[in-house]
Amino acid sequence: MTKRFLATAAFVLLSSTVSATDIGTTFETACPFGDCAAGISLSYLGEFVIPTGHMENGVEFGGISGLDFDAATGHYIAISDDRSERGPARFYELDVDLDASGLKGVSVVKQVTLKEKNGEPFAARSVDPESIRLGEDGIYWGSEGDGKALLAPFVRVASPDGSFVREFKLPEGFAPTADKSTGIRDNLAFEDLAIAPSGDVFVGVEAALYQDGPKSSLTSGSLSRIVRYDGATGEPKAEYVYPVSPIPQAATKADGGNDNGMSEILALDDHRLLAVERSYAQGFGNNIKIMMMDLTDATDVSAIVSLAKNDQRVVPVRKSRVLDLRAIGLVPDNIEAMSLGKAKDGTDVLILGSDNNFSTSQKTQFYAFKVLSRPQQ
């Protein structure tokens with residue numbers, strides 16, 4: 001974070017840290033940012049794994065990068081980030097066998113093909129689905145785009161059968177450029193999607209746009225943008241700065257790579273959201289931290305062309321850690337999906353899901369937590 005950004009991020013330690021996580025273990029952050037009305041408390045309900053290679057209707061299941069609850073069916077919708085290579089770009093309806101006693105299973109109810117504007121399935125490598133939410137007029141979903149192929153990211157609304165309904169306007173400065181002077185970085189673009197109770201839609205970029213500064217390193221973070229849209233019109237309303245943390249773990253493999261980015265967001269109300277900061281270090285694995293952010297008093301930076309070449313005073317969103325999966329004894333995979341929902345017995349739950357990258361060395365992993373308390377307005 002450069003000097004012109006206020007140091008507003010305050011990290012609150014977990015109330016308990018354990019070496020192994022048992023069902024019912026509780027984790028509480030009483031006063032994120034010093035705001036006790038924002039307190040959140042979670043109780044662990046378990047893990048369920050679907051191994052890589054599992055087939056559904058002749059298509060390999062995996063790549064789960066977004067998840068949301070459908071109160072009408074009691075099921076969840078989950079998007080795959082398959083770029084129409086193993087099968088058509090698609091989302092799933094999932095049945096999650098979960099109650100207050102624990103997470104027992106996850107099964108596929110049906111598979112739905114996402115359609116292009118012309119009504120046809122997406123061609124191979126023409127799309128990179130990464131996020132999904134259920135909105136008032138359909139299924140909201142995002143494509144990360146492709147920086148190398150100069151494919152712009154997008155957010156669209158689909159009907160329940162996957163057909164195109166409408167598309168949101170992409171703000172200036174986000175489209176990829178051949179000289180990498182502005183726009184999204186390849187594979188670090190539209191990862192995150194959230195819908196607030198007001199109907200506003202938030203779209204998060206995994207790491208800084210080229211014009212906004214570097215991606216995260218072991219010694220410095222990255223200034224990611226969150227776009228706030230009017231959900232009804234698809235027009236951008238504001239942009240905020242989310243300061244992604246430095247990479248927390250060096251690679252243990254010789255010459256191994258590492259990274260850190262914001263892989264999902266979830267609205268708790270109209271100004272508080274949860275964010276997943278997902279890092280990976282070769283030879284070590286993933287670190288997953290759940291952050292709470294508050295947009296109150298954050299600067300609208302939509303008129304600032306470059307955060308790296310800006311002399312205006314900018315206040316980023318406040319953020320505070322509420323859960324560190326490794327610190328509580330879990331061994332997370334590549335967590336990219338997060339949803340609030342209801343268990344079979346009506347219990348309020350938070351569910352996390354991982355993108356296995358269709359790799360035999362990874363897995364589709366679901367974690368569930370009972371929501372004991374959450375922020376109050």
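Residues numbered from 1 in each chain as written. Predicted model: local features only at pLDDT ≥ 70, side-chain atom pairs only at ≥ 80, totals over all residues. Heavy atoms only, no water.

Novice: Can you help me understand the state of the cysteines in this one?
Specialist: A covalent bond between the sulfur atoms of two cysteines is referred to as a disulfide. This structure, assessed with the given rule, holds one disulfide. Residue C31 pairs covalently with C36 via a disulfide, S to S 2.0 Å. Taking the sign of the S-S torsion, 90° for the link of C31 and C36, the bridge is right-handed. Take C31: its relative accessible area is 23%, and that puts it in the partly exposed class. (Disulfide = S-S within 2.5 Å. Buried < 20%, exposed > 50% of the residue type's maximum accessible area, 1.4 Å probe, protein only.)

Novice: Whenever I open this one, the pattern of salt bridges confuses me. Can you help?
Specialist: Pairing between side chains of opposite charge can happen when their charged atoms approach one another. Taken as a whole and judged by the stated rule, the model has 28 salt bridges. Of the charged contacts in the structure, one is a salt bridge between D212 and R225, with a shortest N-O distance of 2.6 Å. Highlighted residues: D212 in the loop between β14 (201-205) and β15 (222-230) and R225 in strand β15, separated in sequence by 13 residues. With a relative accessible area of 2%, D212 lands in the buried category. Residues joined by salt bridges that share partners form a network here, namely R83, E85, R125, D128 and D146. (Salt bridge = Lys/Arg side-chain N within 4 Å of Asp/Glu carboxyl O. Helix = DSSP H or I, 4+ residues; strand = E, 2+ residues; numbered from the N terminus.)

Novice: Quick question: what am I supposed to make of the layout of surface pockets here?
Specialist: Space inside the largest pocket adds up to approximately 790 Å³. As for the largest pocket, its lining consists of 35 residues, of which N187, N334, E336, D355 and N357 are closest to the centre. Among the elements of the structure, β17 (258-267) and β18 (272-281) are those that each provide at least two residues to the lining of the largest pocket. In terms of residue count, the dominant contributor to the lining of the largest pocket is β17 (three residues). Here the residues of the lining of the largest pocket sort into six nonpolar, nine polar and 20 charged. By volume, the second largest pocket is sized at about 590 Å³. As for the second largest pocket, its lining consists of 27 residues, of which D68, L134, I195, A196 and P197 are closest to the centre. Sorting the residues of the lining of the second largest pocket by element identifies β5 (64-70), β9 (129-135), β17 and β21 (335-342) as the ones contributing at least two each. (1 Å grid on protein atoms, 1.4 Å probe; cavity = no way out; pocket = protein on both sides within 12 Å on 5 of 7 lines; lining within 4 Å. Points joined across faces, edges and corners; volume = space filled by probe spheres on them. Nonpolar A, V, L, I, M, F, W, Y, C, P; charged D, E, K, R; others polar.)

All we've got here are geometric facts, nothing functional implied.
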